Amino acid sequence: MQNQALDWDASDGIESVQIVMLKLKDLAGDGRIQLEVPAKNQMDFHDYAQEYFGEHNR
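Since the structure is predicted, the reported quantities are computational estimates derived from the model, not experimental observations.

Engineer: What exactly am I supposed to notice about the overall build of the protein chain here?
Structural biologist: Of regular secondary structure, the protein chain possesses one helix and two strands. Since a compact globule built from 58 residues should have a radius of gyration of about 10 Å, the 14 Å found for the protein chain marks it as more spread out than a globular shape. Its C-alpha atoms put the protein chain at 40 × 25 × 20 Å along the principal axes. Restricting to contacts in the protein chain with at least 6 residues of sequence separation, those with at least 24 account for 22%. Entry remark: accessible area of the protein chain is about 5,400 Å², with carbon and sulfur atoms responsible for 46%.

Structure below.
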């Protein structure tokens, strides 16, 4: 995962775009994880993932 700008079409009336939730599932179907930034958190998703996963963050 890398923090990069997301593109959107302003003519659709969208003011901004940000990642707030990511669901991961292993290919064997043995487990899954959902990471969601709390609504009132000022941290962006990538910083939140780094804090949560630490040295295991991709």
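Additional details are given in the paragraphs that follow.
Engineer: Any chance you could explain the packing of aromatic side chains here in plain terms?
Structural biologist: For any two aromatic rings, the description comes down to two numbers: the centre-to-centre distance and the angle of the planes. One pass over the full model with this rule turns up one aromatic pair. Taking 5.0 Å as the distance between ring centres and 90° as the angle between the ring planes, the aromatic pair formed by tyrosine 52 and phenylalanine 53 counts as edge-to-face. Residue tyrosine 52 is classed as exposed on the basis of its relative accessible area, which comes to 52%.

Engineer: Whenever I open this one, the pairing of strand β2 (residues 32-36) confuses me. Can you help?
Structural biologist: Where a strand is regular, its side chains alternate between the two sheet faces. Direction of pairing for strand β1 (residues 21-25) relative to β2: antiparallel, over a ladder of five bridges. Across the sheet, methionine 21 pairs through a bridge with glutamate 36, a residue of β2. The loop that links β1 with its antiparallel partner β2 comprises six residues; one of these, glycine 29, has a positive phi angle of about 80°.

Calculation criteria
Residues numbered from 1 in each chain as written. Predicted model: local features only at pLDDT ≥ 70, side-chain atom pairs only at ≥ 80, totals over all residues. Heavy atoms only, no water. Helix = DSSP H or I, 4+ residues; strand = E, 2+ residues; numbered from the N terminus. Rg over C-alpha atoms; globule rule 2.2 N^0.38 Å. Contact = heavy atoms within 4.5 Å. Areas by Shrake-Rupley, 256 points an atom, 1.4 Å probe, with all protein chains shown as cover. Phe/Tyr/Trp six-rings, centres within 6.5 Å; stacked < 30°, edge-to-face > 60°. Buried < 20%, exposed > 50% of the residue type's maximum accessible area, 1.4 Å probe, protein only. Pairing = 2+ DSSP bridges.

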